[in-house]
Amino acid sequence: MSSTPNPVWSNRTIKWVDRRLPIFSMMHRELIVYPTPRNLNYWWNFGSLAGITLVILILSGIFLAMYYTPHEDMAFASIERIMREVNYGWLVRFIHMNTVSLFFLVVYIHIFRGMYYGSYKAPRELLWGIGVLIYLVMVATAFLGYVLPWGQMSFWAATVITSLVTAVPWVGEDLAIWLWGGFSVDNATLKRFFSLHYLLPFVIFALVFLHLWALHTTKSNNPLGVEVKKPADTLPFHPYYTMKDAFGLGVALLVLAFFVFFYPNYFNHAINYVQADPMVTPAHIVPEWYFLPFYAILRAIPDKLGGVVLMFASIAIWFILPLLDTSKVRSGRFRPVFKWFFWILVADFIFLTYLGAMPAEGIYVTMGQWATGYYFVHFLVILPLLGWFEKPLPVPESISAAVTAGHEKEAAA
Amino acid sequence: MKTLTGVATAAAFAAGLALAAPTAQAAGGEHPPLKTQNWTFEGVFGTYDEAQLQRGWEVYTNVCKSCHALDYMYYRNLEQIGYSEDEVKEIAASFETEDGPDEWGEMFMRPAEPLDPIIEPYENDAIAMLANGGVVPPNLSVMTRARDGGADYVYSLLLGYEDSVPEWVLEADPNFELAPGKSFNSYFPGYAISMPQQLFEGILEYSDGTPATPQQMAKDVSAFLQWAAEPELEDRKTLGRYVLVFLVVFTALLYAYKREIWKDAH
Amino acid sequence: MSQAAHPAGNGEGSSRRDFLLYATGAMGAVGTALALWPFIDSMNPAKDVMALATVEVDLSPVDVGQSITVVWRGKPVFVRHRTEQDIEKARAVDVATLRDPQTDDERVIKPEWLVQIGICTHLGCVPKGQKPSDPKGDYDGWFCVCHGSHYDTAGRIRKGPAPLNLPVPQYAFLDDTTIRIGEE
């Protein structure tokens, strides 16, 4: 940072402001000249993409809140009114609904990218930890938001998930009643869920700010996992990565628009267009697709408390990932054995997603237990052992050296 | 090349995660495959067929209306399916709606106006249950959104009645017995449906002269309910086509510009 | 910016680059503006609100000398079936002497029907004068009890603090005895 002096602003207003609050200098430093490793691949697009997705969600959500009514008798109808009577209400709502799926997809890719390239290792442990925290708040926000339409799946998701706390010994029942503000999920629950659903995205926003602060302090990791050593290793963030991110955003928006305009209810459950009925549980309660892996883990354990603990542990374990991975080499590219186990974990995660959607009976339960078992074995056994047994490939001395070597190889071929 | 592989793997990963998720689940036993129809509103260029929707409205008013509501809808909405302002006024006026209280504090009945909500068949759920063997006939205005299979499901259900329990059900469950007051429907979860068969030959004559066979009526009313559930569909798809074309061009330009910038950085 | 990053760009390359920069920049700007429109438009009155923006009133039950009040866009609209006397009185006034000069003809479509928004132009109270028992003020029209404004039989301000005549809404006769308020 010290190597790039603050620019001399020619515009007098900018100069005046910047001398008193160096916001323009900061933006110049962090968004324009910020030295970024020159070898980032497209997997590095998903961080900024997640940020933009969050902004789309907050924006569309603010406009939805202008018409939504958080009341058990009016919530469902108020959303139908948004869809039918409000100008472009259907568009705002479909954007909000489908962007959630995009957000989770992008964040999952972002998380697994970090796992493959060892982005959680020193000195980026805190950066990683804040990221896990963001994911947890995201989960809470998405769950609260899903309850708001007050359809059948909304209501029963709220009932099932809030009932998780009844697994807490001694105070479980009281805790649930406190969460509900009544003796079951009802009007009071809906109102507090709306209140919190409006609040938490801004908490995420603040955490994202910390995430970026930590990122710009430790600097970006890169596919080689080698720290930046000299200016030749980097490129200025603008225009190189701004344009690369912009292109990635274009692709993401294409996918999003396709669903918003042509299959807006693809990720939704049809039964959620039936208004909540506290007397009738739908035949199959299935969470949204992005919760399925953890739902499968919850159901893998026949014990109530055990299932809940395990589900939270499966995310909490990410916090201590920097401790569990004992390998000295950062990037998976130079870890021939780890590479395989990484892809097995990805497959396991997708398999858990699939199992989460299946009914909890017969062979699915057994498979769910095996998949859950493997998930934890990966983090608790395989990763620590790999650091001892694996013989990593030679790591290039610097980013620019590797890039040049790559070009020579290309030229020779 | 490597970048393209990256994008391709990302896409595959995305597809794997997202598509594994909402795998359709059959509820309550086996059902024959839905009688899938060719609908005019399907696909990227889908639009509604106004004549069909008007016939569907005729089926709704003659057959469904006596038990099923169209919540969240108004008579004025009918202008969207091709009725003129005066025709809508006339349609609305043929229904009575409650208004009031008047200056004596009494509620009174008056002919409905285009601004009025489409009248509901029952005053409240208790009366609806009383009249229908303990079951509230569901609201139809979101029906195609609220059932997997959408219009195809509604169509299949309307034509899915059997006079007696068919062999294939008894093979799966020899003890299957239809509760009294219920009808057998191949597509209804659990097969036992409270609504008796409604569509028969000759129950109504279409004002446009189309022969009103059960198939025709089922198809028309299913399309009508699709419109009732997604009145925004045509606007949505039209706008969507523009947005997609815009984004394809824009993304292509971004890609070209990104390549141009990165040319000398590699 | 692109020049700083690429000092070595030759002429042909940089013109291609400039074209791409301007094209993407323009499309990005236009696209963002267009994408914002649905959000902005969603704050406009919704369709069900707009549907109530016009009101049809059947005048046939209103006898000569009677008044009715209808609600239009949340405001009271006074409709009076004026007597010959009312009309003559309104026409006899010397317009030049009025605070807000308007002839009677300017305020009506059909002389026997006076349609106006019943909100006093002073501070927004609803004037009296619709019911037979109401005070009608010194000019036999309407009287605002809040601060004592007197309106005549054409709804024009004659005495008291109000600055303007009672406003006439947009309305049209659909037939002899039906008006639609809120539309030309």
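Quick caveat: nothing in here was measured; it's all calculated off a predicted structure.

What to know about the side chain of Thr234 of chain A
Turning to step 1, where the next piece is worked out: Of note, Thr234 of chain A is situated in strand β2 (residues 234-236).
Turning to step 2, where the next piece is worked out: Look past the residues within four positions of Thr234 of chain A in its chain and what remains in contact with it is Pro35, Thr36, Pro37, Arg38 and Val228 of chain A.

Observations regarding the UniProt feature "domain: Cytochrome b/b6 N-terminal region profile" (unreviewed entry) in chain A
Turning to step 1, where the next piece is worked out: In the numbering used here, UniProt assigns the "domain: Cytochrome b/b6 N-terminal region profile" (unreviewed entry) feature to residues 13-224 of chain A.
Turning to step 2, where the next piece is worked out: Along residues 13-224 of chain A the backbone is 71% helical and 1% strand, and the end-to-end C-alpha distance reaches 43 Å.

Here we look at the UniProt feature "domain: Cytochrome b/b6 C-terminal region profile" (unreviewed entry) in chain A
Turning to step 1, where the next piece is worked out: Residues given the UniProt feature "domain: Cytochrome b/b6 C-terminal region profile" (unreviewed entry) here are residues 227-397 of chain A.
Turning to step 2, where the next piece is worked out: Spanning residues 227-397 of chain A, this segment combines 59% helix with 2% strand, and its end C-alpha atoms are found 9 Å apart.

Some details on the packing of helix α5 (residues 89-116) of chain A against helix α14 (residues 336-357) of chain A
Residue and element names in this part refer to chain A.
Turning to step 1, where the next piece is worked out: Between α5 and α14, whose axes approach to 11 Å, the crossing angle comes to 160°. It follows that α5 is roughly antiparallel to α14 by the angle criterion. Considering the relative orientation of α5 and α14, their crossing is right-handed. For the pair formed by α5 and α14, the contact residues are Tyr108, Phe112, Met115 and Tyr116 on the first element and Phe338, Lys339, Phe342, Trp343, Leu345, Val346 and Phe349 on the second.
Turning to step 2, where the next piece is worked out: Its residues assigned to classes, the contact of α5 with α14 comprises 10 nonpolar, no polar and 1 charged.

Concerning the interface of chain C and chain B
Turning to step 1, where the next piece is worked out: Residue-level contacts link 18 residues of chain C with 14 residues of chain B.
Turning to step 2, where the next piece is worked out: Contact between chain C and chain B buries roughly 1,500 Å² in total, counting both sides, with carbon and sulfur atoms accounting for 66%.
Turning to step 3, where the next piece is worked out: When the buried area of chain C at its contact with chain B is split by residue, Arg17, Thr24 and Met27 of chain C rank highest and sum to 36% of it.
Turning to step 4, where the next piece is worked out: Viewed at the interface, chain B and chain C are joined by 4 salt bridges.
Turning to step 5, where the next piece is worked out: Between Lys89 of chain B and Glu56 of chain C there is a salt bridge, and its shortest N-O distance comes to 3.3 Å.
Turning to step 6, where the next piece is worked out: At the junction of chain C with chain B, the criterion picks out 4 residue pairs in polar contact (both at pLDDT 80 or more).
Turning to step 7, where the next piece is worked out: Elements that contribute at least two residues to the side of chain C that touches chain B include exactly α2 (11-41) and α3 (47-51) of chain C.

Describing the UniProt feature "transmembrane region" (unreviewed entry) in chain C
Turning to step 1, where the next piece is worked out: In the numbering adopted here, UniProt assigns the feature "transmembrane region" (unreviewed entry) to residues 20-40 of chain C.
Turning to step 2, where the next piece is worked out: Taken as a whole, residues 20-40 of chain C contains 100% helix and 0% strand, while its terminal C-alpha atoms sit 30 Å from one another.

A look at the side chain of Asp134 of chain C
Residue and element names in this part refer to chain C.
Turning to step 1, where the next piece is worked out: Here Asp134 shows up in the loop between β4 (113-117) and β5 (140-144).
Turning to step 2, where the next piece is worked out: Although Asp134 lies buried, it forms no salt bridge, and the closest oppositely charged side chain, Lys128, sits 5.0 Å away as judged by the N-O distance.
Turning to step 3, where the next piece is worked out: When neighbours within four sequence positions are excluded, Asp134 is seen to be in contact with Lys128 and Gly129.

Here we look at a positive patch on the surface
Turning to step 1, where the next piece is worked out: Together, Arg12, Lys15, Arg19 and Arg20 of chain A line one region of the surface with positive charge.
Turning to step 2, where the next piece is worked out: One can find Arg19 of chain A in helix α1 (residues 12-20).

Topic: the sheet that holds strand β3 (residues 75-81) of chain C
Residues and elements named next belong to chain C.
Turning to step 1, where the next piece is worked out: Taken in spatial order, the 3 strands make up an open sheet running β2-β3-β4, and their pairing is antiparallel. Strands with a single pairing partner mark the edges of an open sheet, and in this sheet they are β2 (67-72) and β4. The mean angle between the axes of side-by-side strands here comes to 20°, regardless of whether they run parallel or antiparallel.
Turning to step 2, where the next piece is worked out: Relative to β4, β3 runs antiparallel, the two being bridged by 5 bridges.

About the thresholds
- Residues numbered from 1 in each chain as written.
- Chains lettered and ligands numbered in written order.
- Predicted model: local features only at pLDDT ≥ 70, side-chain atom pairs only at ≥ 80, totals over all residues.
- Heavy atoms only, no water.
- Helix = DSSP H or I, 4+ residues; strand = E, 2+ residues; numbered from the N terminus.
- Contact = heavy atoms within 4.5 Å.
- UniProt positions renumbered as here; feature names shortened; annotations may be inferred.
- Axes fitted to C-alpha atoms, helices over the stretch in contact; angles between N-to-C directions.
- Parallel < 35°, antiparallel > 145°, perpendicular 65-115°, else oblique.
- Left-handed = near helix turned anticlockwise from the far one by under 90°.
- Nonpolar A, V, L, I, M, F, W, Y, C, P; charged D, E, K, R; others polar.
- Buried area = accessible area lost by both parts, 1.4 Å probe.
- Salt bridge = Lys/Arg side-chain N within 4 Å of Asp/Glu carboxyl O.
- Polar contact = N/O pair within 3.5 Å; in protein donor to acceptor, adjacent residues only side chain to side chain.
- Buried < 20%, exposed > 50% of the residue type's maximum accessible area, 1.4 Å probe, protein only.
- Lys, Arg positive; Asp, Glu negative; His and termini not counted.
- Patch = residues over 30% accessible without salt bridge, like charges linked within 9 Å, V, L, I, M, F, W, Y side chains within 5 Å.
- Areas by Shrake-Rupley, 256 points an atom, 1.4 Å probe, with all protein chains shown as cover.
- Charge placed at Lys NZ, Arg CZ, Asp CG, Glu CD.
- Pairing = 2+ DSSP bridges.

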